[in-house]
Each structure stands twice: as C-alpha cells, then as structure tokens.
Amino acid sequence: MAAVGTGDEQGSGLRRGRSARARFAALAGLASGLVTLGAAALVAVVTGASSDPLVAVGAAFVDATPTWLKELAAETFGTADKAALAVGEALVLAGLAALAGVLAARRWVWGAAVVVALGLVAAAAALGRPGASAWTAAPAVVGTAAGLWTLRLLVDRLPAPARSSSVAATGSGGTPAHPVGTASAGGPGTVGTSARDAWSRTDRRGFLQAVGVAAALGAVGVVVGRAAGAAGRAVTAARDAVRLPRPVRAAAPVPAGVDVPVDGVEPWRTPPDAFYRIDTALVVPQVDPATWTLRVHGLVEREVELTWDELLASDLVEAWVTLCCVSNPVGGDLVGNQRWLGLPVRDLLARAVPHADADMVLSRSADGWTASTPIEALTDDRDALLAVGMDGAPLPVEHGFPARLVVPGLYGYVSATKWVTELEVTRFADARAYWTQRGWSERGPVKTQSRIEVPRGGGDVAAGDVVVAGTAWAQHRGVRRVQVRADEGAWQDATLAADGGIDSWRQWRWTWRAEPGEHVLHVRAFDPEGPQTGEVADVVPDGATGYDSVHVTVV
Ligand SMILES: Nc1nc2c(c(=O)[nH]1)N[C@H]1C(S)=C(S)[C@@H](COP(=O)(O)O)O[C@H]1N2
Ligand SMILES: [Mo]
C-alpha cells in the first residue's frame, strides 16, 4: 500500500471522503423518497386519496394517537393540527429517506430494506382504511418499486467507498474511475487521496444533476397527482347542482335583537365559512350524492336504505342549532350557531322501527368514523336532523356534504356525524364509537357554558362604564340567566339578548363600573336546573367546566 502523506492526514482524508460520500448518499435517498411519493400520488389518482401513502399513514397515525397526545396537539396547534401533522410526517420521512440512502451506499440491502419496510408500513396503513380493497395498496407498491429503482441508479453513481488512499476507485457499475491527479482531482489543499479524488467534478455534477432530475420528477408527481386526484374526486360540481327543497316547517323566525349591539361579540348566526371544523379526515371525503345512500340497520324491524333523491323528496324541516365540540376549552371557540335543513331522524327511525331493547344509534361516516347517540335523543321531540342544508345552501363539503347529523344538546363527537352513510341501531353495551374507544365518555350531553368576548383580555380599558358582553349556551335546555362578577365579588345579573330558541346560544351584556387597577371578571350561565358549575374540569372525558374569566387593566 503506497502511503501518501502521513497516516493522520491519510485517515482524515479518508474520513472526509466517507462523510462526503454519505452526504451525497443522503441526497440520493431524499430524491428517491420524492420519486416514491410522486409515483404513489400518481397511482392514487386512480385508487383514491386515502390510498396515497402520506394520507394513509397520516390517517392511521391519527387513529392510533393516544388521547393525551391529541390533546397536546390540539392545544399547541389548534385547528392547524392537520398541517402540523403533515409537516411532522414530512420531516420523519425525510430523515428515513436520507438514512436509506446512506445505508444503501454502504450496503445496498440495508438501504433497500429501509425502503421496503417503509413501503410495507404504507401498504398496511392503506389496507387498514375503511373501504380498502387490494388495489388500495397499489400506490405504496408502485411507489416503493420506483423509489428502489431510483435509489439504485443514484447510488451506483456514487464514488466507490474510500477503502484506502492508494486504491483508485472504480465505479460500482464497472466504470473506470478517473485517475488520481488529473485536473478532476480535489484541487489545492486536498489531503491525501479519497473518494473525493476518485470522483471527478464531472461525475459529481452528473450525480447531482441525476439527483435533481429525480427530485423534480418526484415533486411534479406529487403535485400533479394530488391536483388531478382532487379535481377528479371533487364533488363541488355535484354540490353546485343541488336544489334544496323548501322545508315543510321553516325555522322559527329569528327575533330582532339576538345580537347584542356590542362590537367584538361573535355574531349570533355563525357564517358557514367561519364555522369551526373538527374531524379526523386528512382529506375531506368527497361523497357523490348520486351514489350516496344511508342505510339504517341493526336492531330494527326492517332495514331502510335511503337515496339522495328520496331524502330530498322527504318532509324536511329547518332548525337553528348551536353545535359545539367536547374539546372546546372554557372560553374557547369550537362552537357555532346555524340554520340546518334536514329530515327529522325520528321520522327515518320510525320507518325502520327500532327494537325496544335498543338504546343507541351508532352512526358511521363514509370515512369510517363513528358516533354513539342515545336513541332517545333521536326519537324525542327535539330537532335531531339528518341535515342536508346549512344556512339555506347544501352543506359545505368540509361540514359533511351531502348529509350529516345535527342533534341539539349533544357534543359533536357523539352526534354530529358528517358524510354519514349508516345508522346502526344497537346498544351501548354492544358497540363503542370512535372517541369512546380512545378514552372519551360514551355519552356527551353538552355542559352549560358561557364566555366573555368583550373586553378581550390583554388590552387596557378606560375607567368608567365598561360594556362586558359575550355568549352562553345550554342547548336544548336554554339559557335562563347570565351573571358576571368582578374581582370575585357578588354575582351581578347581565342583560340577556333576545331568545332565538333553547337549541341556540344566547348573547348577554353587562355594564361594569370600572375603577382603575387590575381586575378579573368571571361569567356564569344558568339553565333551568341552576347555575353552571365553577368546578374546573379538563375537556377529557366529557367536556370542560369552570368559569371563563378575563383579566383587565383599567386606566
Ligand atoms: N365523519 C366525521 N364526522 C364528524 C367528526 C369526524 O371526525 N368525522 N367529528 C365530530 C366532531 S368531534 C365535531 S365537534 C363535529 C364538528 O362539526 P363541524 O366540523 O361541522 O363543525 O363533527 C363531528 N362529526
Ligand atoms: Mo368535537
């Protein structure tokens, strides 16, 4: 072995060659990862969005996430938790792809094993989605094959591993390496000979170009595949074509004065585009009303299957209902009020005739989500609706088009199934819904709540008469009274806004004689049973309690 330079120099040159090689190998891994995703996204145009590895793995992750982590994510990212998940997934994947490249450059089988393992995870996740067929694994399989092929091509273009300084490397594909010492070698200051020297600038440029081309092709595949898939599946045209019938019973007219005349209070009627959105769907299910049906089965005298046309031809009614999420913290905004159009669920259940021992209806969505609703809430005289309309228009796609449930008095997680396709009449003892399987209560009646919207905490207010205002809700029981107190003093009655019905929230306001200094305001609402509890409880397992408060600096 002809030594060039000292042993130390030689060693560090070797190491440097190795780490440079590893860096390039990592790039090869990243580019191959993109090719995998691009090829998969293109196949998923045909096999459906939920078969796309990123979507399938993300969805499986969402379903498997422990409740505490989900709560943490919701607290940290709010309704941006889906974006946060996508970023997290991309980072983990990028790390694994780079690792696959580095390993493949050392020993091909190691790198290939990482790629195949990732492919298997993606295939398994896709096959585990509701409505999966064997084809659902196709994007993962095709993507993995394309990724492996790309990785092999790129790794073959890397310089041979730097084993010894004197051995002029030969390309692994049998290509003769450039001789050491030509113009293509490392240049001034290069220590010893290493992989770097054996790899000409031209080789390096060629490699980086190949990496660039692969990465670009992969990225284009992802973008085009996603866009084509979304355009092909989109039900926006079908939604635009829907003509909703007039209700046989219109909603009670909204009295004047449901909105308190105070700037900064959320409107009584929540605009649909401002309505909070909560669901586990990473891609919004696109359900074509032409093929949609709702099946009522289980503990019933006769199964009922309802088509879209039959539903629209039924006697639909309209009702204002405030919907809220069990994950809404005290003072939070996962709550909204809207006018819904739909078929009373009791009419639908009456057609099926539930058995006397049934005490629950497990509703299921097109994407496999489930909610457990006490059957009495669906059969008593409240406006529990199989809703098709919101604010006089077909449901927005992200709010459940073509049909969803809306049940006054229950949190969304036990009642408000969007993209609903099935009602299984059953018993609490026999079936458990999506969130109940994850530690939440099987029943979720809404807890009476109130919040202060004005003044917002943080800013200063001028001493004197200060208007304090906000909203309270106690769906299907009704808000009877709202009280406010300053600095833990005596509770004072607030003035209630006009009453839009017991299923809707209610605004209130109160005038406060504010003295300069630091103050804290609390609010509480009363339903017919009495005041809401001030006891502080977390959202898990069945909804937060406690008084909303704001800290105000009066100057
Ligand atoms: N298919 C489906 N329906 C669903 C959910 C879901 O994850 N999937 N989430 C429920 C929850 S927890 C709530 S609070 C409401 C929210 O309805 P919105 O997004 O229209 O406000 O939808 C309910 N319906
Ligand atoms: Mo929710």
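Predicted, not measured: the structure shown is a model, and the values here were computed from it.

Conventions and cut-offs
- Residues numbered from 1 in each chain as written.
- Chains lettered and ligands numbered in written order.
- Predicted model: local features only at pLDDT ≥ 70, side-chain atom pairs only at ≥ 80, totals over all residues.
- Heavy atoms only, no water.
- Helix = DSSP H or I, 4+ residues; strand = E, 2+ residues; numbered from the N terminus.
- Rg over C-alpha atoms; globule rule 2.2 N^0.38 Å.
- Buried < 20%, exposed > 50% of the residue type's maximum accessible area, 1.4 Å probe, protein only.
- Contact = heavy atoms within 4.5 Å.
- UniProt positions renumbered as here; feature names shortened; annotations may be inferred.
- Domains from an automatic or database assignment.
- Buried area = accessible area lost by both parts, 1.4 Å probe.
- Polar contact = N/O pair within 3.5 Å; in protein donor to acceptor, adjacent residues only side chain to side chain.
- Pairing = 2+ DSSP bridges.
- Core = buried A, V, L, I, M, F, W, Y, C linked by side-chain atoms within 4.5 Å.
- Near = heavy atom within 4 Å.
- Areas by Shrake-Rupley, 256 points an atom, 1.4 Å probe, with all protein chains shown as cover.
- Nonpolar A, V, L, I, M, F, W, Y, C, P; charged D, E, K, R; others polar.
- Axes fitted to C-alpha atoms, helices over the stretch in contact; angles between N-to-C directions.

1. Details of the overall build of the chain
And step 1. Scanning the chain from terminus to terminus reveals twelve helices and 20 strands.
And step 2. Taken against the 2.2 N^0.38 rule, which gives 24 Å for 555 residues, the C-alpha radius of gyration of the chain at 31 Å runs more than 25% over that of a compact globule.
And step 3. Taking the principal axes of the C-alpha coordinates as reference, the chain spans close to 95 × 70 × 40 Å.
And step 4. Here the chain holds 555 residues, and 48% of them are scored as buried.
And step 5. Expressed as a percentage of contacts within the chain between residues at least 6 apart in sequence, the contacts between residues at least 24 apart total 75%.

2. Considerations on the UniProt feature "transmembrane region" (unreviewed entry) in the chain
And step 1. Residues given the UniProt feature "transmembrane region" (unreviewed entry) here are residues 24–46, 83–103, 108–128, 134–155 and 206–225.
And step 2. The distance separating the terminal C-alpha atoms of residues 108–128 is 30 Å; by composition the span is 95% helix and 0% strand.
And step 3. Secondary structure content for residues 206–225 is 100% helix and 0% strand, and the end C-alpha separation is 28 Å.

3. Remarks on the domain arrangement of the chain
And step 1. What the domain assignment lists for the chain is domain 1 (7–166 + 189–227), domain 2 (272–438) and domain 3 (449–554).
And step 2. Here the C-alpha centroids of domain 2 and domain 3 sit 31 Å apart.
And step 3. With 22 residues of domain 2 in contact, the opposing surface of domain 3 contributes 17 residues.
And step 4. Both faces combined, the contact of domain 2 with domain 3 buries some 1,500 Å², and carbon together with sulfur accounts for 57% of it.
And step 5. At the boundary of domain 2 and domain 3, one finds five residue pairs in polar contact (both at pLDDT 80 or more).
And step 6. For the side of domain 2 that touches domain 3, the secondary-structure elements that each account for two or more residues are β3 (317–324) and β4 (335–344).
And step 7. Here the element with the most residues in the side of domain 2 that touches domain 3 is β3; it accounts for five residues.

4. A closer look at the sheet that holds strand β16 (residues 495–496)
And step 1. Read across the open sheet, the four strands follow the order β11-β13-β17-β16; overall the sheet is antiparallel. Each edge of the open sheet is held by one strand with a lone partner, namely β11 (449–454) and β16.
And step 2. Sheet analysis places strand β13 (residues 464–473) next to strand β17 (residues 506–514), joined by nine bridges and oriented antiparallel. Across the sheet, the residue bridging to Ala469 is Arg509, located in β17.

5. Some words on the nonpolar core
Across soluble globular proteins, nonpolar side chains have a tendency to be buried as a group.
And step 1. Membership of the largest hydrophobic core comes to 75 residues, with the highest contact counts inside it found for Leu294, Val296, Leu311, Trp340, Leu348, Leu386 and Leu423.
And step 2. Examining the composition of this core, we find that six residues originate from one element, β3, more than from any other.
And step 3. Setting aside its immediate chain neighbours within four residues, Leu311 contacts Trp292, Leu306, Leu316, Leu343, Leu386, Val388 and Ala403.
And step 4. Core analysis: the second largest hydrophobic core is formed by 22 residues, Ala39, Ala104, Val114 and Trp199 among them.

6. Details of the site of ligand 1
And step 1. Around ligand 1 sit 19 residues in total, of which Tyr276, Thr280, His399, Arg404 and Lys418 are the nearest.
And step 2. For ligand 1, an oxygen atom lies 2.5 Å from a polar atom in the side chain of Lys418.
And step 3. About the coverage of ligand 1: the protein hides 99% of its 530 Å² of free accessible area.
And step 4. Partitioning the shell around ligand 1 into residue classes produces nine nonpolar, five polar and five charged.

7. Examining the sheet that holds strand β1 (residues 293–298)
Within a sheet, each strand pairs with its neighbour through backbone hydrogen bonds, oriented either parallel or antiparallel.
And step 1. Across the sheet, which stays open at both edges, the five strands sit in the order β2-β1-β10-β5-β6 with mixed pairing between neighbours. In this open sheet, the two strands that pair with only one neighbour each are β2 (304–307) and β6 (370–374). Pairwise comparison of adjacent strand axes, ignoring direction, gives a mean angle of 15° for this sheet.
And step 2. On top of the sheet, helix α11 (residues 345–352) reaches β1, β2, β5 (360–365) and β10 (420–426); it is set at about 135° to β2, its chief contact.

8. Focus: the side chain of Asn328
And step 1. Secondary-structure assignment places Asn328 in the loop between β3 and β4.
And step 2. Beyond its immediate chain neighbours, meaning those up to four positions away, Asn328 contacts Asp333, Leu334, Val335, Trp473, Val539 and Ala544.

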